Amino acid sequence: MEAFTQAVIEIIKRIPEGRVCTYGRIGRLAGKANGGRQVAWILHSSSRRHNLPWHRVINAQGRISLPKLRGYEEQKARLQIEGIAFDAADRIDLGKYLWDGERAYQRSRDTNNEEPR
DNA sequence: AATGTGACGGACC
DNA sequence: TGGTCCGCCACAT
């Protein structure tokens, strides 16, 4: 397996319950500036086998990218169960739920505060 | 080698 | 808010 793919998997595993991350951000954290499409492809082709919280990955517009009747409903349900809210247009407030891997790391280094909500 | 295709993203209008 | 366009990237034909 490629290093990038491995990194992507590890990062997705670290997304906390009740939070989400975007394809593009995951790609950057894994070391590729424009790896969004590749991140999506990795999930599309083999994610379920890695036991990943795949439902916590959404697009930069704060929306679920999965087509309706092809996973959309399931992903939305899983997120709602974790307490994530959708607005009238089925969008998620990234300012509130986005998990920033880097900031989370820094904060846990100096203080022992919990993740913001 | 050339072209098509996505669970993408950002810029623009 | 929404729609289009174009750049990106790896994989499939």
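Here the structure is shown first, and the text comes after it.
Here we summarise the structure given alongside this text. All values reported here derive from a predicted model rather than from experimental measurement.

### A look at the side chain of Gln-75
No. 1: The residue Gln-75 is located in helix α4 (residues 72–81) in this model.
No. 2: Of the residues examined, Gln-75 reaches a relative accessible area of 2% and is grouped as buried.
No. 3: A polar side-chain atom of Gln-75 sits 3.0 Å from the main-chain carbonyl oxygen of Val-57.
No. 4: Those residues in contact with Gln-75 that lie beyond four places of it in its chain are Trp-54, His-55, Val-57, Ile-58, Ile-64 and Leu-66.

### Quick notes on helix α1 (residues 3–14)
No. 1: Given a rise of 1.5 Å per residue, twelve residues ought to cover 16 Å, and the 17 Å separating the end C-alpha atoms of α1 matches this to within 8%.
No. 2: Among the residues of α1, those classed as buried are Phe-4, Thr-5, Val-8, Ile-9, Ile-11 and Ile-12. Buried residues of α1, viewed axially, fall in a sector of 165 degrees; they line one side. Across α1 from its buried face, at more than 90 degrees, point the exposed residues Ala-3 and Arg-14.

Reading the values: the criteria
- Residues numbered from 1 in each chain as written.
- Chains lettered and ligands numbered in written order.
- Predicted model: local features only at pLDDT ≥ 70, side-chain atom pairs only at ≥ 80, totals over all residues.
- Heavy atoms only, no water.
- Helix = DSSP H or I, 4+ residues; strand = E, 2+ residues; numbered from the N terminus.
- Buried < 20%, exposed > 50% of the residue type's maximum accessible area, 1.4 Å probe, protein only.
- Polar contact = N/O pair within 3.5 Å; in protein donor to acceptor, adjacent residues only side chain to side chain.
- Contact = heavy atoms within 4.5 Å.
- Expected span 1.5 Å × (residues − 1).
- Arc of directions from axis to C-beta.

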